[in-house]
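# An overview of the molecular structure
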Amino acid sequence: MLHAMALSDAELEHLDTQAEAIRETVIRMLVAAGSGHTAGPLDMADIFTAFYFHILKHDPRNPGWPERDRLILSNGHIVPVRYATMAHAGYFPVEECLTLRKFGSRLQGHPERTCLPGLETTSGPLGEGLAQAAGIAYALRMDRSKSRVYCVTSDGEHDEGNTWEAVMFAGKYKLANLTAIMDRNNIQIDGHTEDVMPLDSIKSKYESFHWHVLEVDGHNISAFVDAVGEAKAIFEKPTMIVAHTIAGKGVPDIEGDYTWHGKPPTKAEARKFLKEIRTMGGKVPHEYA
Amino acid sequence: MIDARAKLVADPFSPDLEKSATRDGFGHGVVEAGKKDERVVVLCGDLSESTRAEWFEKEFPERFIEVGVAEQGMATIASGMAAAGKIPFIASYAAFNPGRNYEQIRTTAALNRMPVKVMGMHAGVSVGPDGATHQMLEDIAMMRVLPHMTVLNPCDAEEARKAVVAAAATDDTTYIRFGRSKVASFTTAETPFEVGKALALWTSARPKVALLATGSMSYNALCAARDLAADGVDCAVLHVATVKPLDEQAIVSAARAAGRVVTIEEHQVAAGFGSAVAELLSRECPVKMAFLGIHDEFGQSGTPEELIEHYGLSPKHIAETAKRLVA
């Protein structure tokens, strides 16, 4: 699946349609599972669609293809969107998505590499994906591979020291074949990220660790594709694409009364809103709701 | 008497016996492994001299990766490198590797089935003057409870070399434990070594007690056997370098033949090597047991000799314990 980077109008329309279908599958699978995280999978649907249907060099019939690009999911709890996108891309039947979190399923609650071909890593415990992606990027560069490494991270997992160890490492070794994406939806389990543990300014933090940083609207597939294209043209540094997203994007009932980019909500407001998002308005029980 | 099949040095009890630290065995072994297989890489957390990782760095600078004082990063970066086809050895002090990065090893190496080789240096009280913070006594416990993890605890530098070379040749996730201080070099290049196999060091026609030891404590057990023989107490000594998977057949046979077992380890008795032996024997061959090791306390500063004496792990203590069990 090779591709040109810039999107035509027809391609963009196709991707938007795919993203909507993937969101529907995510909702169906979460309702069927009866538990799981909702906000992250929905708000990352556009980006996963862009990866599997336009950006990645990959082959659903040969997930271990040595020349593939690697997509590492660090915040494993949003894996429903990866499963749904992989299914729509042809890795396995879409109906298998409904086995999510069920006994005997290949679709474990948090992704396990050994259970499902194409996952690349096992994740869920936060803060470990970027380091694994950096290790993969370092090893691929040793072998003069042309494959690129992408790592999806959450904003909340930037509380973890392990993340910053990887940020330092990738900066030191100029891992230009590594592009990280942050799902900047401004929420984590206990509330607004800036209340739980302030992260701003992510841009200046990463820049001071010798990364190239881009900020995009995470729901604008064209802008995201362009940012990935720009990252490929940066030869001296790894790139972080901060993708600003709306938690629960695409489901009007749970998309916020306010966006998370502007004025931060109060702690009480944040908790109430998070509960709405996590339960999809009461449809999905959630252990942290 | 010494079991000839162990092919030990000519006189393991010689006062002039050469001494070397097991960490030196890591240095030699990983260079050897690197020559055999170019997929071998070494990651180090700002301790390349004391872990002997620098020996590899000198030989293969392009395959040595300095990660800084960042053991969590080291373990996860190594998992990534393994995912991309490398065989990464990660070297730091056992207190931090696996002490600091346990969950990273659990999730990204063991559960994820990556051939990450965790090298835990400066384990045990024999670290000496550095004191309790650096005297790791819980690493065997932490590692042996992990599914898919192989746990090796070599007795001297030569066996440590063999353990490292053997670990590099498998796709297993492996933990190897090393010590800082110099210990008796009593095995030879001809001494058998195989992952999962225990080694009989001392045998008697009618043993009254079996001394089951791991790591450098096996040499102390061998010295205790000599002293016990002089006092008319026949025993057997089994060196168990592979704590997981245990050589069940050899351990059960030794317990059955002697009827009494003493386990010796430079590690917490709780959940360590002795516990692993007890789990096996309580199921297959319940016998009277005594456990030598650290009993639910931390270490302290001192010379390695003072500390081995203080915590009751010298040949004299082992022999006394064996006699009490036999009496």
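What you are looking at is a predicted structure, and each value in this text was computed from that prediction instead of being measured. (Residues numbered from 1 in each chain as written. Chains lettered and ligands numbered in written order. Predicted model: local features only at pLDDT ≥ 70, side-chain atom pairs only at ≥ 80, totals over all residues.)

### Digging into the overall build of chain B
Looking only at helices and strands, chain B features eleven helices and 14 strands. In terms of overall dimensions, chain B has C-alpha extents of about 55 × 40 × 35 Å along its principal axes. Across the 327 residues in chain B, those meeting the buried criterion constitute 61%. Considering only residue pairs separated by 6 or more positions, chain B has 80% of its internal contacts joining residues 24 or more positions apart. (Helix = DSSP H or I, 4+ residues; strand = E, 2+ residues; numbered from the N terminus. Buried ≥ 20, exposed ≤ 12 C-beta atoms within 10 Å, placed from the backbone. Contact = placed C-beta atoms within 7 Å.)

### Structural notes on the interface of chain B and chain A
Frequently, the measure chosen for interface size is the accessible area removed from exposure when the parts meet. If you look at the interface, chain B gives 23 residues, while chain A gives 22 residues. The set of elements that each furnish at least two residues to the side of chain B that touches chain A consists of helix H3 (71–83) and helix H4 (102–111) of chain B. The element that contributes the greatest number of residues to the side of chain B that touches chain A is H3(B), accounting for nine residues. When the residues that make up the side of chain B that touches chain A are grouped by side-chain class, the tally is nine nonpolar, eleven polar and three charged. (Nonpolar A, V, L, I, M, F, W, Y, C, P; charged D, E, K, R; others polar.)

### Observations regarding the pairing of strand S2 (residues 40–44) of chain B
All names here are of chain B. Of all five residues in S2, five are buried; the element is thus mostly enclosed. The two faces of S2 match: Val40, Val42 and Cys44 on one face and Val41 and Leu43 on the other face are all buried. In terms of strand pairing, S2 meets strand S4 (residues 87–93) through five bridges, oriented parallel. By the bridge assignment for S4, Cys44 is matched with Ala91. Relative to strand S3 (residues 64–66), S2 runs parallel, the two being bridged by three bridges. Bridging across to S3, Cys44 finds its partner in Glu66. (Pairing = 2+ DSSP bridges.)

### Section: the sheet that holds strand S14 (residues 288–294) of chain B
Residues and elements named next belong to chain B. Reading across the sheet, the five strands line up as S9-S11-S10-S13-S14 and stay open at both edges, with mixed pairing between neighbours. The outermost strands of the open sheet, each flanked by one partner alone, are strand S9 (199–202) and S14. Strand-to-strand twist across the sheet, computed as the mean angle between neighbouring axes with direction ignored, equals 25°. In this sheet, strand S11 (residues 235–239) lies alongside S9 in antiparallel orientation, the contact comprising three bridges. Residue pairing across strands places Ala200 opposite Leu238, the latter belonging to S11. Sheet strands touched by helix H9 (residues 273–284): strand S10 (209–213), strand S13 (260–268) and S14. Its angle to S13, the strand with the most contacts, is close to 145°. (Axes fitted to C-alpha atoms, helices over the stretch in contact; angles between N-to-C directions.)

### Points about the pairing of S4(B)
Residues and elements named next belong to chain B. Along S4, seven of the seven residues are buried, which leaves the element largely enclosed by surrounding structure. Bridge count between S4 and strand S5 (residues 117–121): five bridges; the pairing is parallel. Note that in S5 the partner of Ile90 across the bridge is Val118. Read from S4 through H4 to S5, the crossover connection turns out right-handed. (Right-handed = clockwise from strand over helix to strand, strands pointing away.)

### Considerations on the sheet that holds S2(B)
All names here are of chain B. Taken together, seven strands build an open sheet; the order of strands is S3-S2-S4-S5-S7-S6-S12 and the sheet is mixed. The strands lining the two open edges of the sheet, one partner per strand, are S3 and strand S12 (242–244). This sheet shows a mean twist of 20° between the axes of neighbouring strands, independent of strand direction. Taken together, the two bridges between strand S6 (residues 149–152) and S12 define a ladder with antiparallel strand orientation. When the bridges of S12 are listed, Val151 appears paired with Lys244.

### Overview of the domain arrangement of chain B
All names here are of chain B. Taken as a whole, chain B is organised into domain 1 (4–16 + 192–326) and domain 2 (19–184). Computed over C-alpha atoms, the centres of domain 1 and domain 2 are 24 Å apart. Facing the 31 residues of domain 1 at the interface are 31 residues of domain 2. Of all the secondary structure elements, the ones that give two or more residues to the side of domain 1 that touches domain 2 are helix H7 (217–230), S12, S13, H9 and helix H10 (304–310). Of the residues assigned to the side of domain 1 that touches domain 2, the class counts are 15 nonpolar, 14 polar and two charged. (Domains from an automatic or database assignment.)

### Examining unusual backbone geometry
A:Asp200 connects to A:Ser201 through a cis peptide bond whose omega is 0°. With respect to the helices and strands, the residue A:Ser201 is situated in the loop between helix H7 (193–196) and helix H8 (202–208). With omega at -5°, the peptide bond leading from B:Lys244 into B:Pro245 counts as cis. The phi torsion at B:Asp46 lies on the positive side, around 65°, for a residue other than glycine. Of the residues examined, B:Asp46 has 15 C-beta atoms within 10 Å and is grouped as partly exposed.

### Some points on the confidence of the model for chain B
Interpretation of the predicted coordinates at a detailed level should be avoided for regions scoring low in pLDDT. Mean pLDDT for chain B: 98, with 100% of residues reaching 70 or above. Scored as a complex, the prediction yields pTM 0.94 and ipTM 0.95. (pLDDT = per-residue confidence, 0-100.)

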